[in-house]
Protein chains: 2
Amino acid sequence: MGRAKPQPSEGSITAGSDFLHLDVAEAPSGGRAAWLAERLRAAIADGRIAVGARLPASRVLATDLGVSRGVVTEAYQRLGEEGRVAGHGRAGTVVVAAPPLPPARPVPAAVPVPATLFPPDPGSDIFDAVRTAPARIDLTPGVPDLAAFPRADWLRAERAVLRRLAASDFGYGDPCGAPALRAAVATWLARNRGIAVEPAEVIVTAGVSQALGLLAQALRRDGVDRIAVEEPGSLGVRQHLNNWGMATPPVTVDAAGLRVDELIATGARAVMLTPAHQFPTGVVLDGERRRRLIAWARDGGLIVEDDYDAEHRYDRPPVPALRGLLPEHVGYAGSVSKLLAPALRVGWLLVPARHRDAVVAAKRNADLGTSVLPQLVLAELMTSGALERQLRLLRRRHVRRRDAMVAAIGRHLPGATVHGASAGLHLLVTLDGDVPDTALAAAALERGVKVQPLSWHCQRASRPGLVLGYAANTATDIEEGIATIAAALRRPRTS
Amino acid sequence: MGRAKPQPSEGSITAGSDFLHLDVAEAPSGGRAAWLAERLRAAIADGRIAVGARLPASRVLATDLGVSRGVVTEAYQRLGEEGRVAGHGRAGTVVVAAPPLPPARPVPAAVPVPATLFPPDPGSDIFDAVRTAPARIDLTPGVPDLAAFPRADWLRAERAVLRRLAASDFGYGDPCGAPALRAAVATWLARNRGIAVEPAEVIVTAGVSQALGLLAQALRRDGVDRIAVEEPGSLGVRQHLNNWGMATPPVTVDAAGLRVDELIATGARAVMLTPAHQFPTGVVLDGERRRRLIAWARDGGLIVEDDYDAEHRYDRPPVPALRGLLPEHVGYAGSVSKLLAPALRVGWLLVPARHRDAVVAAKRNADLGTSVLPQLVLAELMTSGALERQLRLLRRRHVRRRDAMVAAIGRHLPGATVHGASAGLHLLVTLDGDVPDTALAAAALERGVKVQPLSWHCQRASRPGLVLGYAANTATDIEEGIATIAAALRRPRTS
């Protein structure tokens, strides 16, 4: 390392036996792909390989190193899944990002987990607290493969948008959103979710979270102060509705979906549910329950449908949205958080006509409308077909990761039961025994693996379980994450 | 026009006497620049000159047409101010946008203005209603020169951001905003507004509007249900506070600023004001009033400082923000709506420590945080110096337009008094006589010119007046707009 090396020029890298001074003799036998990936990762992180540089063709590098081509392609694929490189067809494999190296993987026992991080009854800042806790493997549910974010498509669409935008489009706009995105969402919902809606009915929101808040405000004005929720059901959604002044009576979800008889017994005039892939159980609302729920809504009930990951179905076409059948009885919310990235904070809301004015007023009061550039770029991605391509890519990648997680659970957690693995970005495992799942989650985090306890998503006592996201993690991390959970389960309290 | 013409190739245009088949003999004498600008405008709109194409050098085109070079440069400058072309130094003048041609300027009498569009007591949807009303000249206050939006800088910064972003940055983030922007805002406020603040204290919001809503929610939790406001003072702000459950007792603004004695008499525990350039009068809070206001705040009052256009001062350095003196007694809100574009919906909020947790919770409930890409691009523009360059460019352009408006008022509205023209993006004219300003605004809009009546921004009876934005309009449109208002004033009711 003592001598000066030529800087690689952007756009290409000279292959050859000198490439990064790699010496395959350093590699552990049987671990050559991992070794090569690690060397490349370090070179990207410290700038020896610049962003924009092309890696040597796999055949060339394999010959130079004296390894099989499969070793090189596997290493490149790992870096691709991590978002460090991208395949550009004939242009080869190009470095797209240089994330800083993690500061050497923390030794498990060295990670202090505050005893309060997994309380049985968490407050509304819990997700912020958990998010900032350090972990080397994050199995928090609800995010897609973020490394797959289509950076090049996004930038190309942004360039097109900036070129054609009129100056007046930079001014204050319609609080309900940019016309181009409302039209694109209407088309998207018709094609993908069986919902017929006019663009003018689409209200662009800062994600599903804001959509639910706006609807809750409108319902409060209408005298509604309770929205029944699924049990188990999303803690985040429940907290959010509570914050907007809504009580959230629980209604059991069983293998057929929401118990409509229990819903009727609560007397609530509105219910919030995730019929396409229930969070966290993954149950699909079955035909009989659907019919009973529709009858309840026709009798004057309001269904709030959170269609949060309906597009991510692996076994069959997604079930049509309830909104498509019952537009005047369903408030419908969706977003790109599971299609592209939560950080975009763009979603949409459809509401029955009678709530429309109050919801629009609430949106105006919230922020005068969502930021226009992400809206227009998204509209461009929807109309150009780039978003459908992205969804197909995610589905293929997610299903592989789902398989990896199911297999890892089979190996390491043989006593666990897997639920809801045929769709979505996460699965649920329930566990035998009486270890509180909050203690298990804390023990896993002490070992560097972040998961959510099922009990957080329950208002009543529940079996212990974990909600495990697989979409944002590589197969390697999933394997290690599940093995770590198994180790934590064998010895839940280390301190 | 009967013969086929070669298509211009992107990136360059062949100059020469054939360029667009221009014939200067068509031009009215004395109006050659306007004629040339109009021909270029039409050619850009119908695609004969493509976006990205370079216009002929002014010297070349002037020679070819047989006109002075000044005619060509004036035409190019008009197109530049309209946002259709941009100067690229040695690269020449390039077409950057092809906004559709307005469908031939409407004949004044043909624009129906609903009688209800300028009611004396407008509801919260008034700004949406006025925004969608057609007009050929829009003098609505509160927007900067939108044609100056730095599209190329933005795209360049976005490319840099997308390149270096880690995959995890696309996930759920801190509801208070991206660390990079919070740091950039802290530096910006220190440099430009004399405010010392830690990045961790900065809360990124969707503009000032959301910032005020968040603070209002926090104050409500603290038992505060009234915020005194300036009289006259922004209608939009007052409506917004009312919508968040706040009463808004009025406190007179005179030539020295807010009457602190009146504020004390209201008994309100909080006051919202625009001390650097009062909206809509343009008054600067003077030294004596500042001292009395500070004493009131130290006695337990909360100042809510909307620093909405402090950077746009033409006569002297801006007055320092109150926040800089009194951090524990001032909530401070700012945004890029007046620096770049309202459509970005990005702003910032600083609050006293005791309100911080409640404001952060309100932000989380609002939207889980502002969209991350616009935040990071903005941070890049702030740290690279591009935003300061933009501000200097805007100041130069705005001051010319301010001068054009003051001159036009002198010519066409000799009886009017101009207020607050030494800073900002708008000025106020008050008028003699007893024509209600709402009727005048309606009559102006019938003639195609959009303005805001002063009485909207008053809770008590006021002299008639108009709030006139100049920043987003060319000198030509400003001249025509003021002449049209004068015509409307002579005959306020046409129907």
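Scope of this entry: the structure provided in the associated data block. All values derive from a computational prediction rather than experimental measurement.

Conventions and cut-offs
- Residues numbered from 1 in each chain as written.
- Chains lettered and ligands numbered in written order.
- Predicted model: local features only at pLDDT ≥ 70, side-chain atom pairs only at ≥ 80, totals over all residues.
- Heavy atoms only, no water.
- 1 Å grid on protein atoms, 1.4 Å probe; cavity = no way out; pocket = protein on both sides within 12 Å on 5 of 7 lines; lining within 4 Å.
- Points joined across faces, edges and corners; volume = space filled by probe spheres on them.
- Nonpolar A, V, L, I, M, F, W, Y, C, P; charged D, E, K, R; others polar.
- Phe/Tyr/Trp six-rings, centres within 6.5 Å; stacked < 30°, edge-to-face > 60°.
- Buried < 20%, exposed > 50% of the residue type's maximum accessible area, 1.4 Å probe, protein only.
- Helix = DSSP H or I, 4+ residues; strand = E, 2+ residues; numbered from the N terminus.
- Least-squares fit on C-alpha atoms with pLDDT ≥ 70 in both.
- Contact = heavy atoms within 4.5 Å.
- Core = buried A, V, L, I, M, F, W, Y, C linked by side-chain atoms within 4.5 Å.
- Pairing = 2+ DSSP bridges.
- Axes fitted to C-alpha atoms, helices over the stretch in contact; angles between N-to-C directions.

Structural notes on empty space enclosed by the protein
Item 1. Scanning all chains against the criterion turns up 8 cavities of 30 Å³ or more.
Item 2. Of the pockets and cavities examined, the largest cavity occupies roughly 90 Å³.
Item 3. What lines the largest cavity is Ala206, Arg345, Asp367, Gly369, Thr370 and Ser371 of chain A together with Ala206, Arg345, Asp367, Gly369, Thr370 and Ser371 of chain B.
Item 4. Split by residue class, the lining of the largest cavity holds 2 nonpolar, 6 polar and 4 charged.
Item 5. Empty space within the second largest cavity amounts to approximately 80 Å³.
Item 6. Looking at the lining of the second largest cavity, its residues break down into 6 nonpolar, 7 polar and no charged.

Observations regarding the packing of aromatic side chains
Item 1. Tallying each qualifying case throughout the model produces 11 aromatic pairs over all chains.
Item 2. Aromatic pair Phe149 of chain A and Trp154 of chain A: ring centres 5.6 Å apart, planes at 45°, arrangement tilted. Accessibility classification places Phe149 of chain A together with Trp154 of chain A in one group, the buried group.
Item 3. Ring geometry for Phe279 of chain B versus Tyr308 of chain B: centroids 6.1 Å apart, planes at 80°, classification edge-to-face. Of this pair, Phe279 of chain B sits in the loop between strand S8 (270-273) and helix H10 (287-298) while Tyr308 of chain B sits in the loop between strand S9 (302-306) and helix H11 (322-325), and the two are 29 residues apart along the sequence. Here the two residues Phe279 of chain B and Tyr308 of chain B agree in accessibility, since each one is buried.
Item 4. Through a chain of ring-to-ring contacts, three or more aromatic side chains come together here, namely Phe118, Phe127 and Trp456 of chain A.

Examining the relation of the copies chain B and chain A
Item 1. Each copy of the sequence occupies a distinct position, and chain B is placed on chain A by a rotation of 180° and an axial shift of 0.0 Å, giving an RMSD of 0.1 Å. Put plainly, the chains are arranged around a two-fold axis. When C-alpha distances to the rotation axis are compared across chain B, the minimum falls at Ala366 of chain B, with a value of 3.4 Å.
Item 2. Mapped onto chain A, 98% of the interface residues of chain B are again interface residues, and the two copies thus contact each other with one and the same surface.

Some words on the nonpolar core
Item 1. Judged by nonpolar contacts, the single largest core of 107 residues is most densely connected at Leu293 and Ile303 of chain A.
Item 2. Counting residues in each nonpolar core, the second largest holds 56 residues, with Leu215 and Met246 of chain A together with Leu302 and Val360 of chain B among its members.

Quick word on the sheet that holds strand S15 (residues 452-453) of chain A
All names here are of chain A.
Item 1. Read across the sheet, 4 strands follow the order S12-S13-S16-S15 without closing on themselves; strand pairing throughout is antiparallel. A single partner strand is all that each edge strand has here, and the edge strands are strand S12 (417-419) and S15.
Item 2. Judged from the 5 bridges that link them, strand S13 (residues 426-430) and strand S16 (residues 465-469) form a sheet pairing that is antiparallel. For Val429, the partnering residue across the bridge sits in S16 and is Leu466.
Item 3. Where helix H14 (residues 386-412) meets the sheet, its contacts fall on S12, S13 and S16, and the angle it forms with S13 comes to roughly 15°.

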